[in-house]
There are 2 protein chains.
Amino acid sequence: MTGLASSIERRNGVSLWRQIADRILQGIASGDFAENAALPPEVALAERYGVNRHTVRSAIAALVQEGVLKAEQGRGTFVLSRKRLSYPIGARTRFSTGLQGQTSERHIALLSSSTEPASRRIAEALGLAKGAAVIRLETRGEADGHAVSRATTWFDAKRFAGIEAAMAETGSITASLKRFGINDYLRHSTVLSARHADADDLAALDLQPGAIVLVTVAVNVTLDGEPIQFAESRFPAERVELRLLAL
Amino acid sequence: MTGLASSIERRNGVSLWRQIADRILQGIASGDFAENAALPPEVALAERYGVNRHTVRSAIAALVQEGVLKAEQGRGTFVLSRKRLSYPIGARTRFSTGLQGQTSERHIALLSSSTEPASRRIAEALGLAKGAAVIRLETRGEADGHAVSRATTWFDAKRFAGIEAAMAETGSITASLKRFGINDYLRHSTVLSARHADADDLAALDLQPGAIVLVTVAVNVTLDGEPIQFAESRFPAERVELRLLAL
DNA sequence: AAAATTTGTCTATTGATATAGACAACTATA
DNA sequence: TATAGTTGTCTATATCAATAGACAAATTTT
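Residues numbered from 1 in each chain as written. Chains lettered and ligands numbered in written order. Predicted model: local features only at pLDDT ≥ 70, side-chain atom pairs only at ≥ 80, totals over all residues. Heavy atoms only, no water.

Participant: Can you break down the overall build of chain A residue by residue, with the values?
Facilitator: Looking only at helices and strands, chain A has eight helices and ten strands in total. Buried positions account for 53% of the 247 residues belonging to chain A. In chain A, once contacts between residues fewer than 6 apart in sequence are set aside, the share between residues at least 24 apart is 56%. Entry remark: accessible area of chain A is about 11,100 Å², with carbon and sulfur atoms responsible for 48%. (Helix = DSSP H or I, 4+ residues; strand = E, 2+ residues; numbered from the N terminus. Buried < 20%, exposed > 50% of the residue type's maximum accessible area, 1.4 Å probe, protein only. Contact = heavy atoms within 4.5 Å. Areas by Shrake-Rupley, 256 points an atom, 1.4 Å probe, with all protein chains shown as cover.)

Participant: So what's going on with the protein's contact with DNA strand C? Which residues, and what values?
Facilitator: Around DNA strand C there are 26 residues in total, and A:Leu16, A:Trp17, A:His54, A:Thr55 and B:Arg53 lie nearest to it. Counting only atoms of DNA strand C within 4 Å of the protein, the fraction found in sugar and phosphate groups is 64%. Interatomic distance of 3.0 Å between a backbone N/O atom of B:Glu42 and a phosphate oxygen of DNA strand C. A distance of 2.7 Å separates a base nitrogen of DNA strand C from a polar atom in the side chain of B:Arg53. Elements with a contribution of two residues or more to the surface near DNA strand C: α1 (16-30) and α3 (53-66) of chain A together with α3 (53-66), β1 (69-72) and β2 (76-79) of chain B. Residue classes in the surface near DNA strand C are distributed as five nonpolar, twelve polar and nine charged. (Near = heavy atom within 4 Å. Polar contact = N/O pair within 3.5 Å; in protein donor to acceptor, adjacent residues only side chain to side chain. Nonpolar A, V, L, I, M, F, W, Y, C, P; charged D, E, K, R; others polar.)

Participant: Explain helix α2 (residues 42-49) of chain B residue by residue, including any values.
Facilitator: Residue and element names in this part refer to chain B. Buried within α2 are the following residues: Glu42, Leu45, Ala46 and Tyr49. Projected down its long axis, α2 carries its buried residues within an arc of 100°, all on one side. Within α2, the exposed residues directed more than 90 degrees away from the buried face are Val43 and Glu47. One or two residues past the end of α2 sits Gly50, with phi positive at roughly 70°. (Arc of directions from axis to C-beta.)

Participant: An account of unusual backbone geometry is needed here, citing residue identities and associated values.
Facilitator: Even without a glycine there, the phi angle at A:Asn36 is positive, about 65°. Mapped onto the secondary structure, A:Asn36 falls in the loop between α1 and α2 (42-49).

Participant: Describe the environment of A:Ile135, and please don't skip the residues or the numbers.
Facilitator: Residue and element names in this part refer to chain A. Relative to the assigned elements, Ile135 resides in strand β5 (residues 133-143). Taking C-alpha positions, Ile135 is 8.9 Å from Ala118, a pair spaced 17 residues apart along the chain. In this structure, Ile135 is in contact with Ser114, Thr115, Thr153, Trp154, Phe155, Ala157, Phe160, Ala161, Gly162, Ile163 and Glu164, ignoring residues within four places of it in sequence.

Participant: Explain the nonpolar core to me, and be specific about the residues and the numbers.
Facilitator: Formed by 28 residues in total, the largest nonpolar core has its most connected members in A:Leu192, A:Leu214, A:Leu242, B:Leu192, B:Leu214 and B:Leu242. Beyond its immediate sequence surroundings of up to four residues, A:Leu242 is in contact with A:Tyr87, A:Ile89, A:Leu192, A:Leu214, A:Thr216, A:Phe235, B:Thr190, B:Val191 and B:Leu192. (Core = buried A, V, L, I, M, F, W, Y, C linked by side-chain atoms within 4.5 Å.)

Participant: Outline the protein's contact with DNA strand D, listing residues and values.
Facilitator: DNA strand D sits among 24 residues. The nearest are A:Arg53, B:Leu16, B:Trp17, B:His54 and B:Thr55. Within 4 Å of the protein, atoms of DNA strand D come from sugar and phosphate in 63% of cases. A:Gly74 has a polar backbone atom sitting 3.3 Å from a base nitrogen of DNA strand D. Taking B:Trp17, its main chain carries an N or O atom lying 3.4 Å from a phosphate oxygen of DNA strand D. When the residues that make up the surface near DNA strand D are grouped by side-chain class, the tally is five nonpolar, eleven polar and eight charged.

Participant: Explain the side chain of B:Arg150 to me, and be specific about the residues and the numbers.
Facilitator: Residues and elements named next belong to chain B. On the secondary structure map, Arg150 appears in strand β6 (residues 146-156). For Arg150, a relative accessible area of 3% translates into the label buried. Contact partners of Arg150, with chain neighbours within four places excluded, come to Leu111, Glu138, Thr139, Arg140, Asp200, Asp201, Ala204, Leu205, Glu232, Ser233 and Arg234.

Participant: Any details on the confidence of the model for chain A? Residues and values, ideally.
Facilitator: Predicted coordinates in areas of low pLDDT are best not read in detail. Residue and element names in this part refer to chain A. Summary statistics for chain A give a mean pLDDT of 83 and a share of 84% for residues scoring 70 or more. Here helix α4 (residues 95-98) stands out as the element of chain A with the lowest mean pLDDT, 58, in contrast to strand β9 (residues 227-236), whose mean of 93 is the highest. Confidence over residues 1-6 falls short of pLDDT 50; this stretch has 13 contacts with residues more than four positions distant or in other chains. (pLDDT = per-residue confidence, 0-100.)

Participant: Please set out the pairing of β9(A) residue by residue, giving values where relevant.
Facilitator: Residues and elements named next belong to chain A. With nine of its ten residues buried, β9 lies for the most part within the structure. Bridge analysis of strand β8 (residues 212-221) against β9 gives nine bridges, and the strand direction is antiparallel. Note on β9: the bridge partner recorded for Asn220 is Gln229. If you look at the hairpin formed by β8 and β9, you'll find five residues sitting between the two strands, and Gly225 has a positive phi there, around 90°. (Pairing = 2+ DSSP bridges.)

Participant: So what's going on with the sheet that holds strand β3 (residues 85-89) of chain A? Which residues, and what values?
Facilitator: Here eight strands make up an open sheet; going across it, the order is β3(A)-β10(A)-β7(B)-β8(B)-β9(B)-β6(B)-β5(B)-β4(B) and the pairing mixed. Looking at strand neighbours, the two that pair on one side only are β3 of chain A together with β4 (106-117) of chain B, the edges of this open sheet. When the angles between neighbouring strand axes are averaged without regard to direction, this sheet yields 20°. Two strands pair when backbone bridges link them, and β4(B) and strand β5 (residues 133-143) of chain B are joined in this way by eleven bridges, in the antiparallel orientation. Looking at β5(B), one finds that B:Leu110 is bridged to B:Thr139. (Axes fitted to C-alpha atoms, helices over the stretch in contact; angles between N-to-C directions.)

Participant: I'd love a proper account of the environment of B:Ala231, names of residues and values included.
Facilitator: Relative to the elements of secondary structure, B:Ala231 occurs in strand β9 (residues 227-236). Dropping the residues within four chain positions of it, B:Ala231 is found in contact with B:Thr152, B:Thr153, B:Thr216, B:Val217 and B:Ala218.

Participant: Would you mind going over the pairing of strand β2 (residues 76-79) of chain A in detail, with residue names and values included?
Facilitator: Judged from the four bridges that link them, strand β1 (residues 69-72) of chain A and β2(A) form a sheet pairing that is antiparallel. Residue pairing in the sheet places A:Ala71 in a bridge with A:Thr77 of β2(A).

Participant: Describe in detail the packing of α2(A) against α3(A), supporting the description with residues and values.
Facilitator: Residues and elements named next belong to chain A. Contact geometry of α2 with α3 gives a least axis separation of 8 Å together with a crossing angle of 105°. When the axis of α2 is compared with that of α3, the two are roughly perpendicular. Along the contact surface, α2 presents Glu42, Val43, Leu45 and Ala46, while α3 presents Arg53, Val56, Arg57 and Ile60. Among the residues forming the contact of α2 with α3, the class breakdown is five nonpolar, no polar and three charged. (Parallel < 35°, antiparallel > 145°, perpendicular 65-115°, else oblique.)

Participant: Tell me what's going on with the pattern of salt bridges, and back it up with residues and numbers.
Facilitator: For the structure on display, the rule yields 31 salt bridges over all chains. One salt bridge connects B:Arg195 with B:Asp201, and the closest N-O pair in it is separated by 3.3 Å. The exposure classification of B:Arg195 matches that of B:Asp201, with both residues buried. Linked by salt bridges that have partners in common, A:Glu116, A:Arg136, A:Glu138, A:Arg150, A:Arg195, A:Asp200, A:Asp201, A:Glu232 and A:Arg234 make up one network. (Salt bridge = Lys/Arg side-chain N within 4 Å of Asp/Glu carboxyl O.)

Okay, structure coming up:
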């Protein structure tokens with residue numbers, strides 16, 4: 001990306017230090033600030049962004065807290081290496097296989113599960129009657145010990161009774177579905193949006209308040225086109241990008 | 001979406017009123033707050049979010065300013081109708097055809113154009129030598145008089161000399177490419193991310209500071225697989241969602 | 001007409017945010 | 001060993017953000 005001007009905005013509900021922290025993150029992502037190298041000195045950054053040096057210090061302090069930067073007195077402030085995961089989305093999107101090559105270990109942790117009546121939206125997506133019982137799973141995707149996604153998933157309770165136990169045991173949706181005789185499935189639809197992370201996402205994904213999450217709402221179907229799974233997934237925008245396949 | 005708890009976070013660089021404004025926007029998008037109906041009274045909202053009534057008023061004031069809400073003394077605060085556009089992304093993504101049925105009028109406005117040497121990234125995507133001349137177009141997508149996207153597009157300057165004039169005249173990428181003998185093209189790859197809008201996006205998309213943009217980086221190719229166009233598009237997350245096709 | 005409900009305005013207080021300047025502490029280099 | 005460059009700490013001040021309470025103004029309900 002060519003570094004477009006993009007200046008800092010005042011009195012808009014987002015503090016200057018938070019905006020500058022975001023700009024520094026962008027700079028790292030775009031290669032403006034190289035990894036494992038020193039950031040420009042505080043005075044230079046202050047001049048570049050048109051703010052006081054102390055404001056820049058607040059931004060840096062937040063990023064040090066996040067583990068993105070490391071400050072050393074007398075030497076400089078350094079960018080720690082933190083690769084952004086590229087999460088593929090396509091007809092055969094699978095959590096585990098998708099991140100192969102980028103991480104050495106990944107699995108899905110089951111945070112909680114419950115059975116509830118289907119809302120109209122979920123009933124329609126799964127082809128059930130409104131109010132039919134559905135199983136709801138709250139999960140967190142982890143790769144190399146880092147949280148990379150947070151998802152809420154619904155299944156027909158009648159057809160997939162006990163799937164929460166299978167998830168807890170296998171740590172994989174694909175493996176769990178196999179136990180119900182589903183050896184292959186396709187992604188039918190995906191709708192994408194973005195918003196600020198809510199408190200639940202912040203805790204589960206270990207994010208700083210104000211962070212942005214990418215949100216996908218997807219329906220998976222069998223090869224016959226029968227809907228089996230409805231899911232909303234949240235990805236931390238600062239650590240993950242989505243790569244659309246087969247377009 | 002089931003309304004997950006998601007409480008409000010303090011001293012994180014994002015002011016409470018901005019967080020609450022975001023929550024209200026979410027509430028409208030999710031149907032929690034119906035369009036053309038009254039919002040709960042300020043005291044009720046204050047209690048729901050655990051903040052002072054004046055803080056809620058600040059959030060409402062911002063959304064009134066944005067044209068999302070309308071406050072009437074003695075009556076209540078009303079949600080104005082503002083449908084979120086659903087922008088399709090697929091192999092044959094076209095700006096104009098994609099929004100058919102959702103809007104009555106749409107076109108692409110050319111904001112500026114220039115010729116510059118290709119960065120490594122753009123050269124690789126377009127199959128050119130690094131430093132080769134490329135045409136860069138800055139455009140804004142408009143539907144029914146509202147800005148719905150902001151894009152930066154690069155073309156090989158040698159092959160597409162004068163495309164900026166065609167764009168200015170036709171208001172359409174598809175129509176402009178036809179003048180260069182390209183009657184059909186496909187989307188080869190799309191990478192998706194999200195971030196806070198920068199100053200340029202804020203101005204071009206008529207957003208409030210702190211707003212979130214969805215970012216797509218895409219390469220379009222001819223039917224023979226030859227790359228012809230590299231583009232970065234920004235969509236206001238509060239007004240647009242991306243619907244992934246053919247997955 | 002009266003009461004209840006809701007938004008609008010005002011004053012006051014507290015804490016967070018941002019600016020400004022000075023100097024200490026530490027590191028690398030001439 | 002100086003010197004320059006960099007991060008760390010301190011004080012002070014002004015503005016913004018958030019809370020609190022009281023009452024006015026407009027609308028709807030009783």
